[in-house]
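# An overview of the molecular structure
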Amino acid sequence: MAAGYLDILRARHAARLLTGTLVGRLPSGTAHIAIVLFTRAEGGSYTLAGALAAVYGLSTAVGQPLLGRAVDLYGQPRVQFPAAVASALGMALLALVGLGSLPLACGAVMVAGVFTPPLEGGLRALWPTVLGGEERVHRAYAMDAVAQEVMFTVGPLLVTLLVSLWSPAAALLVINAIGVLGALSVVLSEPSRAWRSAPREAHWLGALRSPGLLALLGSFFFVGLALGSITVAGVAYADDHGRESVYGWLMAALGLGALVGGAVYGARQWAGAPERRLRVIVALLALGYLPLMLTPGVVAMTALSAVAGVFLAPAIACSFIVVDRHAPRGTVTEAFSWLVTTFGVGAAAGTAVAGPAVELGGTTWSFAVAGAGGVAALLVLLATGRVLAVPGRTAVAVRGSENDRNGAVEPGFSSGHQA
C-alpha cells in the first residue's frame, strides 16, 4: 500500500493537487472548532457557540451542491478560487466585528459557509485525468481519505496553537488565509484549468429517487449529528479542566483514531455486501461514542476519543461504495454531494443540540448526544435493511470521465463488484 501511494505521488501534478486541496480545505475542516473557541473567548454562551457553528454547517451544506453544479457548468478556476476568497472574507468579518452585532456575526458565518469551495469533489474529478489507470485512481481515493484524517488531526492542534500564541480572532484570519493559498495552488494547476465536466442524466429528483440512497442519507445525518455534538462537548470538557489545550488534544485524538482506522481498513480486501458491513461498522462507531459520557481524566478521555474515532473513516469509506451501488445511473456525483450535505446538516444539528445540553445537564449530557446519534444511525440502517439489500444498479466505472465517481469504490473492490 505504501509503495502504491508513492507511485501516485510521483505522478505529475498529483502531490500538488493533493496538498493544495488539503490546505484549501483547512478552513472548513477547522471552522467549527475555531468558531466555538472564538465565541467563548468573546464571552458568548455554549448555546450561541453551538448556534453559530450550526449556521456555518447548514450554510456549507446548502452551498456545496450549488457550487458543485457551478463547477460543472463553468469549470474549477472560475468557481473554486472566488468562492475561497468570499468564504475567507466572511470569516475575517466575524473576527473583526466580534459578537457586538449578532445579526452581522451570523451573516458573516453564513457567507463563510455558503462559499466554502467544493475542493474535495474537485480533486476526485481530477484524479482520472491525472493518473489515468483505474487501479491508480482507486488507490488515490484511499490515499486521499487517509490524508484528510491527517488534516483533521493536525488542524485542531494548529487552531489551538494559534489561539495560545495570539488569539481566537487571529486563528480565524490565519487559517482562512492559508486556505485561500491552497485553493489558488489547485486552480492554477494545469489539470484544474483544463478540466471539463462530463454530461449528466437529468431528472427532477435526480439521485434522490433511489430509496437505498435515501436510507443511507438518513443514517449519516445521525452520524454527522454525533460528530458535531462532540465539537461542543469537547469545549465543555476542556473548560471543566481549566485548559484550552485539552480541547485540541481531544479533537486531535479523534482524528488520529480515524486516521488509524481508515489506514487499516483501506489496506485489506473485504468480502461480502458493503451494506451489511456498514451496519457492523456503524454499530462499532456507536459503541465507541457511548463511553465518552464517563468523562474521566484528561489522559483517559484522550484515549477514549481516539477509540471513538477509529470507526469513523471506515464508515465513511464503506458509505462511498454503498452510494455508488444505489445512485441512479449518471447521478453518482450528485449522490456524493447529497451525502456531504446530509452529513453537514447532521453535524450542524449536533452542535446546536449539544450547546443547550451542556447548559441543562453539564458535559456528560453533551457527550450523550453523540452516543444517541450513533445509536440512531444504526437503527436507521437496521430499519431499512431490506431497501439497502437491493442495489439500484451495478456500479460501472467510466474510464476518462472527469467528474464521474463510479470508480470511487473502496480499496479491494473493483467497479462492477457484486456481493
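These numbers come from a predicted model, not from an experiment. (Residues numbered from 1 in each chain as written. Predicted model: local features only at pLDDT ≥ 70, side-chain atom pairs only at ≥ 80, totals over all residues. Heavy atoms only, no water.)

## Describing the overall build of the protein
- When you go through the protein residue by residue, the secondary structure sums to 18 helices and zero strands.
- Counting every position in the protein, which comprises 419 residues, the buried fraction comes to 57%.
- The long-range share in the protein, meaning contacts at least 24 apart out of those at least 6 apart in sequence, stands at 82%.
- For the protein, the accessible area works out to roughly 16,100 Å², and carbon and sulfur atoms hold 69% of it. (Helix = DSSP H or I, 4+ residues; strand = E, 2+ residues; numbered from the N terminus. Buried < 20%, exposed > 50% of the residue type's maximum accessible area, 1.4 Å probe, protein only. Contact = heavy atoms within 4.5 Å. Areas by Shrake-Rupley, 256 points an atom, 1.4 Å probe, with all protein chains shown as cover.)

## Some words on the nonpolar core
- Counting residues in hydrophobic clusters, the biggest one holds 82 residues, and the most contacted among them are M91, L94, F220, I230, L278 and Y289.
- With 15 residues, the single largest contributor to this core is helix α11 (residues 211-240).
- The contacts of F220, once residues within four sequence positions are left out, are L278, A315, I316, S319, L339, T342 and F343.
- Core analysis: the second largest hydrophobic core is formed by 24 residues, L17, V79, A83 and V186 among them. (Core = buried A, V, L, I, M, F, W, Y, C linked by side-chain atoms within 4.5 Å.)

## Comments concerning the packing of aromatic side chains
- All chains considered together, the criterion is met by one aromatic pair.
- Aromatic pair F221 and F222: ring centres 5.1 Å apart, planes at 85°, arrangement edge-to-face.
- The partly exposed category is assigned to F221, whose relative accessible area is 23%.
- Classification of F222 as partly exposed rests on a relative accessible area of 26%.
- Lying over the aromatic face of Y46, R40 brings its terminal NZ or CZ to 4.1 Å of the ring centre. (Phe/Tyr/Trp six-rings, centres within 6.5 Å; stacked < 30°, edge-to-face > 60°. Lys NZ or Arg CZ within 6 Å of the ring centre and 35° of its normal.)

## A word on a nonpolar patch on the surface
- A grouping of L93, L96, V97, L104, L161, L165, W166, L173 and V174 is seen on the molecular surface, where their side chains present a nonpolar patch of about 830 Å² in accessible area.
- Sort the elements by how many residues they give to the nonpolar patch and helix α5 (residues 76-97) lands first, with three residues.
- Tracing the chain through its elements places L161 in helix α8 (residues 134-165). (Patch = residues over 30% accessible without salt bridge, like charges linked within 9 Å, V, L, I, M, F, W, Y side chains within 5 Å. Salt bridge = Lys/Arg side-chain N within 4 Å of Asp/Glu carboxyl O.)

## Examining the packing of helix α3 (residues 26-41) against helix α9 (residues 168-187)
- Remark: α3 packs on α9, axes separated minimally by 9 Å, with the N-to-C direction vectors making an angle of 165°. Taken together, the axes of α3 and α9 lie roughly antiparallel to each other. Considering the relative orientation of α3 and α9, their crossing is left-handed. From α3, L26, P27, T30, A34, L37, F38 and A41 reach across to α9, where they touch P168, A169, L172, I175, N176, I178 and G179. (Axes fitted to C-alpha atoms, helices over the stretch in contact; angles between N-to-C directions. Parallel < 35°, antiparallel > 145°, perpendicular 65-115°, else oblique. Left-handed = near helix turned anticlockwise from the far one by under 90°.)

## A short note on the confidence of the model for the protein
- Mean pLDDT over the protein stands at 83; residues scoring 70 or higher make up 85%.
- Within the model, the stretch residues 394-419 combines pLDDT values under 50 with 81 contacts to residues more than four positions away or in other chains. (pLDDT = per-residue confidence, 0-100.)

## Topic: the pattern of salt bridges
- Per the counting criterion, the structure on display carries three salt bridges.
- Put simply, R12 and E190 hold a salt bridge, and the shortest N to O gap is 3.5 Å. Separated by 178 residues along the polypeptide, R12 in the loop between α1 (2-9) and α2 (14-24) and E190 in helix α10 (residues 190-194) bring together distant segments of the chain.
- With a relative accessible area of 62%, R12 lands in the exposed category.
- Note that D239 is salt-bridged to R40, the shortest N-O span being 3.3 Å. You can see D239 sitting in helix α11 and its partner R40 sitting in helix α3, a full 199 residues away along the chain.
- Classification of D239 by relative accessible area gives partly exposed; the value is 36%.
- We classify R40 as partly exposed; its relative accessible area is 31%.

## Focus on the environment of G122
- Structurally, G122 can be placed in helix α7 (residues 119-131).
- Of the residues examined, G122 reaches a relative accessible area of 7% and is grouped as buried.
- Between the alpha carbons of G122 and W195 there is a distance of 9.6 Å; along the sequence they are 73 residues apart.
- Contacts of G122, omitting those with residues within four sequence positions, involve Q76 and Q80.

## Quick look at α5
- If you check α5, its first and last C-alpha atoms are 32 Å apart, about what 22 residues at 1.5 Å a residue would give, namely 32 Å.
- Two residues or fewer after α5 comes G98, characterised by a positive phi angle close to 65°. (Expected span 1.5 Å × (residues − 1).)

## Observations regarding the environment of G346
- Structurally, G346 can be placed in helix α16 (residues 332-361).
- Separated by 120 residues in the primary sequence, G346 and A226 place their C-alpha atoms 7.8 Å from one another.
- If sequence neighbours within four positions are ignored, G346 has contacts with F221, G224 and L225.

## Points about unusual backbone geometry
- Of note in the backbone geometry, H13 takes a positive phi value of approximately 80° without being a glycine.
- Mapping H13 onto the fold places it in the loop between α1 and α2.
- Using a relative accessible area of 21% as the deciding quantity, one classes H13 as partly exposed.
- Of note, the phi angle at T295 is positive, near 40°, even though the residue is not glycine.
- A relative accessible area of 22% places T295 in the partly exposed class.

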